[in-house]
Amino acid sequence: MAVVMIFSWPEITPDVYDAVRQEVRWEEDTPDGCVPHAAWFVNGGLNVMDIWESQDHFNRFIEARIAPVLKGELGVQSDPEPKFYPLHRRFVALASAAPAPDARLPRQGPRQLRTETRMSPQAGRRAPFRPDAP
């Protein structure tokens, strides 16, 4: 059964998260059973929301790929307390992996602000997304 998994982990900083991400390479070698992953920081601590095909998929990924890096290489002592909820429905937007917008990038005009693409109705070709287009 597909599940939504959430947790908070105060010990994990952005630097630790990025070190694990670079070592485990889950964006390049997608974990079996993971649908989307979202991570954010509040007061320096990590928060995560994932959807997994099952709780077992999540557990296998943690044991095989995350724990050896976090516990072994980085020596993290604490553990999160993940909570699992049955998934009722999901919607996945066309873009699959994208970093958060970087606030340090120079501001652009309103027509240049949105650069993502959406599928055009013509034979699956991609067309620029224009928020002000009809």
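Structure: above.
A brief report on the enclosed structure follows. (Residues numbered from 1 in each chain as written. Predicted model: local features only at pLDDT ≥ 70, side-chain atom pairs only at ≥ 80, totals over all residues. Heavy atoms only, no water.)

**Considerations on the environment of Phe58**
Point 1. Topologically, Phe58 is positioned in helix α2 (residues 55–73).
Point 2. Exposure remark for Phe58: the relative accessible area of 6% places this residue in the buried category.
Point 3. Dropping the residues within four chain positions of it, Phe58 is found in contact with Met5, Trp52, Pro82 and Phe84. (Helix = DSSP H or I, 4+ residues; strand = E, 2+ residues; numbered from the N terminus. Buried < 20%, exposed > 50% of the residue type's maximum accessible area, 1.4 Å probe, protein only. Contact = heavy atoms within 4.5 Å.)

**Focus: the pattern of salt bridges**
Point 1. This structure, assessed with the given rule, holds four salt bridges.
Point 2. For Asp29, the salt bridge identified is with Arg65, shortest N-O distance 3.7 Å. Separated by 36 residues along the polypeptide, Asp29 in the loop between α1 (14–24) and β2 (34–42) and Arg65 in helix α2 bring together distant segments of the chain.
Point 3. Given the relative accessible area of 46%, Asp29 is considered partly exposed.
Point 4. One salt bridge connects Lys71 with Asp79, and the closest N-O pair in it is separated by 2.8 Å.
Point 5. Connected via shared salt-bridge partners are Asp18, Arg21 and Glu27. (Salt bridge = Lys/Arg side-chain N within 4 Å of Asp/Glu carboxyl O.)

**Structural notes on the packing of aromatic side chains**
Point 1. One pass over the full model with this rule turns up six aromatic pairs.
Point 2. Pairing Phe7 with Trp9 gives two aromatic rings, centres 6.0 Å apart and planes at 80°, and the pair type is edge-to-face.
Point 3. On the accessibility criterion, Phe7 (12% relative accessible area) is buried.
Point 4. Geometrically, the ring pair formed by Tyr17 and Trp26 is edge-to-face, given 5.5 Å between the ring centres and 70° between the ring planes.
Point 5. A residue is classified by how much of its surface remains accessible, and Trp26, at 12% relative accessible area, is buried.
Point 6. Counting every residue linked through ring pairs, the aromatic cluster contains Trp52, Phe58, Phe61 and Phe84. (Phe/Tyr/Trp six-rings, centres within 6.5 Å; stacked < 30°, edge-to-face > 60°.)

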